[in-house]
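Coordinates in review
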Amino acid sequence: MNPIELSAAELAQVYAAGELSPVEVVKAYLDRIGAVNPRVNAFITVTPDDALLGAEEAEKRIAAGNQTPLTGVPLAIKDVLCTKGTRTTCGSSILSDFVPPYDAFIVERLKAEGALILGKTNCDEFAMGSSNEHSAFGPVHNPWNLDYIPGGSSGGSAAATAARLCAAAVGTDTGGSIRQPAGHCGVVGLKPTYGRVSRYGLVAFASSLDQAGPITRTVADAALMMNVLAGHDPADSTSAPSPVPDYTRAWDRDLKGIRVGLPKEYFIEGLDPEVEAAVRTAVQTLAGLGAEVKEVSLPHTEYGVAAYYIVAPAEASSNLARYDGVRYTRRDPDARNLANMFLESRSAGFGPEVTRRIMIGTYVLSAGYYDAYYKKATQVRTLIRRDFENAFQDVDVIACPIAPTPPFKIGEMVGDPLSMYLSDVFTLCINMAGVPGLSVPCGRTATGLPIGLQLLGGYFQEETLLRVGYHYEQAGPYSFGRNLPPEL
Amino acid sequence: MDTISPALPKPRAYATQISHGTGWSAFAAGRREISFFRKVFSMKLDQREVRHVADLARLSVTDDEAAALTDQLNRILGYMDRLAELDTRDIQPMAHALTLDTPFREDRAQASLDPEDALANAPDRDANFFRVPRVI
């Protein structure tokens, strides 16, 4: 039995049966990271000592009969989530030496379950990007073809999960950053409802949009992870107090009679034909499982990119003001005075995409432009939310593509920020509204690159998404998450 | 397009480039070509204003960076103009996804970060203070 081939759920079973031990499994993963990570660049920091120590603890815990579903399961954590004693860079050189004095709420929870952390995964700097090319630690490579992007910004978490460098991972999603890389890497990714998962210790990019969630090989593993990640945290005032269901019961019911909507604004001219064919085939599979498929309309979709790229940079420009060289960031050693220290430390520390977004955000919030840009965008955000509220009166779940194209080649779009922003059109409205979204593999291109299906639900309807995703995964031929990328 | 040239390309040349591109840029161009180009060519801000915004954001930019940013921000902000097509006079702004009330808690002292931990990442310190260069 090759330990790296097992899903998180399967690991729990073999641990319980005594067929494998967490130490054996962690060693197998560390060996594979050593062999494969130099080509994929999924990890910024690997923590072998902590992982092995945790594995020994997990063995004792299992022997003592206190095993939980994630005990001894090796995970990778996106490097925007604080880990006590392990540096947390956010993919930025400004935080390249930052060692947090505390764990993010969800990291603490995972550790309390006995989950093991193999390391911190690469991402676009401060989670700003759709291709993982904007990392101070170099681009991540798609495990299915190393010349291609893995998607972003949680590209490291998605690539690590697909390449068998971890059993499962945690990512974050502000405009598609869990769903899009999961789709591009052929794995499962869930962006929960805004407020479902605590943001305490998640380094803020756009606070009204950010959510952390699981990236896994199977839908069942996403449910297992959600059972631990979801829940109220008094330290995050936006964290929802509503009760957390057992997500692993989500697929007890089959899909008979479930109403699936196809948003006509997502199937328009220019959508890559291979992507469209894969998504339409997936919808046929859902219909075959008893789903009732109908067209819905999300009329403000075409304004989503413009509204999002005002709101998100506005919040980012404010959030990133804290990187000033005073308390925990790199400081320019030659600074002559305080003002100069701010300027030089920030300019040396931020990469081009982060600089661009701080500039956009500062501009749209500045005197004279606030109403025309920021206020207008927040009004359009209301219209986007209403689109979803109206659609979910008629359907239980919406099925659509994740991105208009399959992964593109590394370097292909770097000089064209606007085109890169436009590629987020199918994911970012979900963050603007705050509803949850799940991506599951649904096909591959003629050249072998994964294509994902995106499922959207109403507020706190993660169970509906997992139910549809699980039955689709069981019925569909494209559970890529269970196959090893051929190049690796 | 691999690079943003300092001078904006002629509309026709740009359109040809985009419609021959693959994937998303073709998609975007096809739908929005006409209004897109109208917007792109309305200049929003010049280099002097870009430098002012950089100053507000406490960023220092070189001449080359200012030129590239001016070009990119004009394209991006020009694209935002499409929001003006929507009548939002009676629409409430939405700053947040959830309509939670402000949660209150009891005003009770709790354990906080140890000063040594809080100062551990400081670039410079003096006793229990963060030390910075001379202010005045």
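Residues numbered from 1 in each chain as written. Chains lettered and ligands numbered in written order. Predicted model: local features only at pLDDT ≥ 70, side-chain atom pairs only at ≥ 80, totals over all residues. Heavy atoms only, no water.

**Considerations on the overall build of chain A**
As a reminder of what qualifies: Only DSSP runs of H or I covering at least 4 residues are called helices, and only runs of E covering at least 2 are called strands; the numbering of each starts at the N terminus. Note on method: radius of gyration uses C-alpha positions; expected globular size equals 2.2 Å times residues raised to 0.38. Each residue is placed in one exposure class: buried if its accessible area under a 1.4 Å probe, protein chains only, is under 20% of its type's maximum, exposed if it is over 50%, and partly exposed if it falls in between. Working rule for contacts: check all heavy atoms of both residues, and any pair within 4.5 Å makes them a contact. Methods summary: accessible areas were calculated by the Shrake-Rupley approach with a probe of 1.4 Å, and residue burial reflects only the protein chains presented.
Across its full length, chain A carries 15 helices and eleven strands. Radius of gyration (C-alpha) of chain A: 21 Å, near the 23 Å computed for a compact globule of 488 residues. Projected onto the principal axes, the alpha-carbon positions of chain A cover approximately 65 × 50 × 45 Å. Out of the 488 residues in chain A, the part that is buried amounts to 70%. Considering only contacts within chain A whose residues lie at least 6 apart along the sequence, 76% involve residues at least 24 apart. If you sum the accessible surface of chain A, you get close to 14700 Å²; carbon and sulfur atoms cover 50% of it.

**Details of the confidence of the model for chain B**
Low-pLDDT stretches of the model should not have their predicted coordinates read in fine detail. All names here are of chain B. Quick reminder of the rule: One confidence number per residue, pLDDT, is output by the predictor and ranges from 0 to 100.
In this model, chain B carries an average pLDDT of 75, and 68% of its residues clear a pLDDT of 70 or more. Predicted confidence in chain B is weakest over helix H1 (residues 11–19), with a mean pLDDT of 32, and strongest over helix H3 (residues 47–56), with 96. Across residues 1–41, where pLDDT falls below 50, the model places 61 contacts with residues more than four positions away in sequence or in other chains. Confidence estimates for the predicted assembly give a pTM of 0.92 and an ipTM of 0.92.

**Some thoughts on the interface of chain A and chain B**
Counted only if it meets this: By buried area we mean the combined loss of accessible area, with a 1.4 Å probe, across both parts when two parts are placed together. By definition, a salt bridge exists where a carboxyl oxygen of Asp or Glu is found within 4 Å of a side-chain nitrogen of Lys or Arg. Polar contacts here mean pairs of N or O atoms no more than 3.5 Å apart (in protein, one a potential hydrogen donor and the other a potential acceptor; neighbouring residues in sequence count only if both atoms are side-chain atoms).
Contact with chain A, which involves 80 residues of that partner, is made by 61 residues of chain B. Summed over both sides, the interface of chain A with chain B buries roughly 6200 Å², with 69% coming from carbon and sulfur. Taken as a group, A:Tyr303, A:Met359 and A:Leu418 account for 11% of the area that chain A buries against chain B, more than any other trio of residues on that side. Joining chain A to chain B, the criterion identifies zero salt bridges. At the boundary of chain A with chain B, the tally comes to 18 residue pairs in polar contact (both at pLDDT 80 or more). Those elements that place two or more of their residues in the side of chain A that touches chain B are helix H9 (304–319), helix H10 (338–349), helix H11 (352–365), helix H12 (371–394), helix H13 (417–422) and helix H14 (428–433) of chain A. At eleven residues, H12(A) tops the list of elements feeding residues into the side of chain A that touches chain B.

**Quick word on the sheet that holds strand E1 (residues 43–46) of chain A**
All names here are of chain A. Test applied: Between any two strands, at least two bridges found by DSSP are needed for them to pair. Orientation is described by lines fitted to C-alpha atoms, with helices fitted over the stretch in contact, and by angles between N-to-C directions that extend from 0 to 180 degrees.
Strand order in the open sheet formed by eleven strands is E1-E3-E2-E4-E6-E5-E10-E11-E9-E7-E8, and the pairing between neighbours is mixed. The open sheet terminates on both sides in strands that have one partner only, identified here as E1 and strand E8 (292–296). Strand-to-strand twist in this sheet, taken as the mean axis angle between neighbours without regard to direction, amounts to 30 degrees. Where strand E7 (residues 259–263) meets strand E9 (residues 397–401), two bridges bridge the pair, whose relative direction is parallel. In the sheet register, Gly 261 faces E9, and the bridge partner there is Ile 398. Relative to strand E6 (residues 211–216), helix H7 (residues 219–229) is tilted by about 145 degrees, and along the sheet it contacts strand E2 (74–78), strand E4 (168–173), strand E5 (188–191), E6 and strand E10 (437–444).

**Some words on the environment of A:Ala8**
All names here are of chain A. You can see Ala 8 is positioned in helix H1 (residues 8–16). The sequence separation of Ala 8 and Cys 166 amounts to 158 residues, and the corresponding C-alpha distance is 9.6 Å. Setting aside its immediate chain neighbours within four residues, Ala 8 contacts Pro 69, Val 73, Asp 221 and Leu 224.

**Some thoughts on the nonpolar core**
Put simply, the rule is: Take the buried residues of types Ala, Val, Leu, Ile, Met, Phe, Trp, Tyr and Cys, join any two whose side-chain atoms come within 4.5 Å, and each joined set is a nonpolar core.
Within the largest apolar cluster, 181 residues are counted, with the highest numbers of intra-cluster contacts made by A:Phe126, A:Phe388, A:Ile398 and A:Leu455. Residues within four places of A:Leu455 in sequence aside, it is in contact with A:Leu286, A:Val397, A:Ile398, A:Ala399, A:Pro436, A:Gly437, A:Leu438, A:Val440, A:Leu465, A:Val468 and A:Gly469.

**Quick look at the pattern of salt bridges**
One pass over the full model with this rule turns up 22 salt bridges over all chains. When the shortest N-O distance is used, the salt bridge between B:Arg131 and B:Asp124 registers 3.5 Å. Its relative accessible area of 30% is what places B:Asp124 among the partly exposed residues. Here the residues in one salt-bridge network are A:Glu353, A:Arg356 and A:Arg357, joined through shared partners.

**Quick word on empty space enclosed by the protein**
Residues and elements named next belong to chain A. Going by this rule: With a 1 Å grid laid over protein atoms only, a set of points is called a cavity when a 1.4 Å probe fits there but cannot get out and a pocket when it is open yet has protein on both sides within 12 Å along at least five of seven lines; lining residues have an atom within 4 Å of a point. Grid points are joined across faces, edges and corners, and a volume is the space filled by probe spheres set on the points. Polar here means any residue other than Ala, Val, Leu, Ile, Met, Phe, Trp, Tyr, Cys and Pro, which are nonpolar, and Asp, Glu, Lys and Arg, which are charged; Gly is therefore polar.
Summed over the entire model, instances satisfying the criterion amount to seven cavities of 30 Å³ or more. Roughly 100 Å³ of volume is contained in the largest cavity. Considering the residues around the largest cavity, the lining is formed by 17 residues, among which Gly 129, Ser 130, Gly 175, Ser 177 and Asp 424 are closest to the centre. Reported here for the second largest cavity is a volume of approximately 80 Å³. Lining the second largest cavity are Gly 183, His 184, Val 275, Ile 402, Ala 403, Thr 405, Pro 406, Pro 450, Ile 451 and Gly 452. Looking at which element gives the most residues to the lining of the second largest cavity, the answer is strand E11 (residues 450–457), with three residues. Considered class by class, the residues forming the lining of the second largest cavity number six nonpolar, four polar and no charged.

**Some points on the environment of A:Leu298**
Here A:Leu298 lies in the loop between E8 and H9. In sequence terms A:Leu298 and A:Thr68 are 230 residues apart; their C-alpha atoms lie 41 Å from each other.

**Some points on the packing of aromatic side chains**
All names here are of chain A. Quick reminder of the rule: Note on ring pairs: Phe, Tyr and Trp rings are taken, using the six-membered ring of Trp, and paired if centres are within 6.5 Å. Classes follow the plane angle, with under 30 degrees stacked, over 60 edge-to-face and the rest tilted.
Applying the stated rule across the entire model yields 15 aromatic pairs over all chains. On the numbers, 5.4 Å between centres and 45 degrees between planes, the contact of Phe 98 with Tyr 328 is tilted. Of this pair, Phe 98 sits in the loop between E2 and helix H4 (105–112) while Tyr 328 sits in the loop between H9 and H10, placing them 230 residues apart in sequence. Considering the side-chain rings of Tyr 266 and Phe 426, the 4.9 Å spacing of their centres and the 20 degrees angle between planes classify their relative orientation as stacked. Separated by 160 residues along the polypeptide, Tyr 266 in the loop between E7 and helix H8 (273–288) and Phe 426 in the loop between H13 and H14 bring together distant segments of the chain. Accessibility assignment for this pair places Tyr 266 and Phe 426 in one class, buried. An aromatic cluster is defined as three or more aromatic residues linked by ring pairs; in this entry it consists of Phe 98, Phe 126, Tyr 323, Tyr 328 and Phe 350.

**A few points about the state of the cysteines**
Residues and elements named next belong to chain A. Under the convention used in this document: In plain terms, two cysteine sulfur atoms within 2.5 Å form what is called a disulfide here.
In the structure shown here, the tally under the stated rule is zero disulfides over all chains. You can see Cys 400 has no disulfide; the closest cysteine sulfur is in Cys 429, sitting 10 Å from it. Here Cys 442 stays unpaired: no disulfide links it, and the sulfur of Cys 400, its closest cysteine neighbor, is 11 Å away.

**Some words on the side chain of A:His184**
Tracing the backbone through its elements, the reader meets A:His184 in helix H6 (residues 179–185). A:His184 gets classed as buried once you look at its relative accessible area, which sits at 6%.

**Re the environment of A:Glu59**
All names here are of chain A. Tracing the chain through its elements places Glu 59 in helix H3 (residues 48–63). Residue class for Glu 59 comes out partly exposed when judged on its relative accessible area of 28%. Separated by 41 residues in the primary sequence, Glu 59 and Gly 18 place their C-alpha atoms 9.9 Å from one another.

**A word on the pairing of strand E3 (residues 116–121) of chain A**
Residue and element names in this part refer to chain A. Most of E3 is tucked away, with six of its six residues classed as buried. Across three bridges, E1 lies against E3 in antiparallel orientation. Residue pairing in the sheet places Val 46 in a bridge with Gly 119 of E3.

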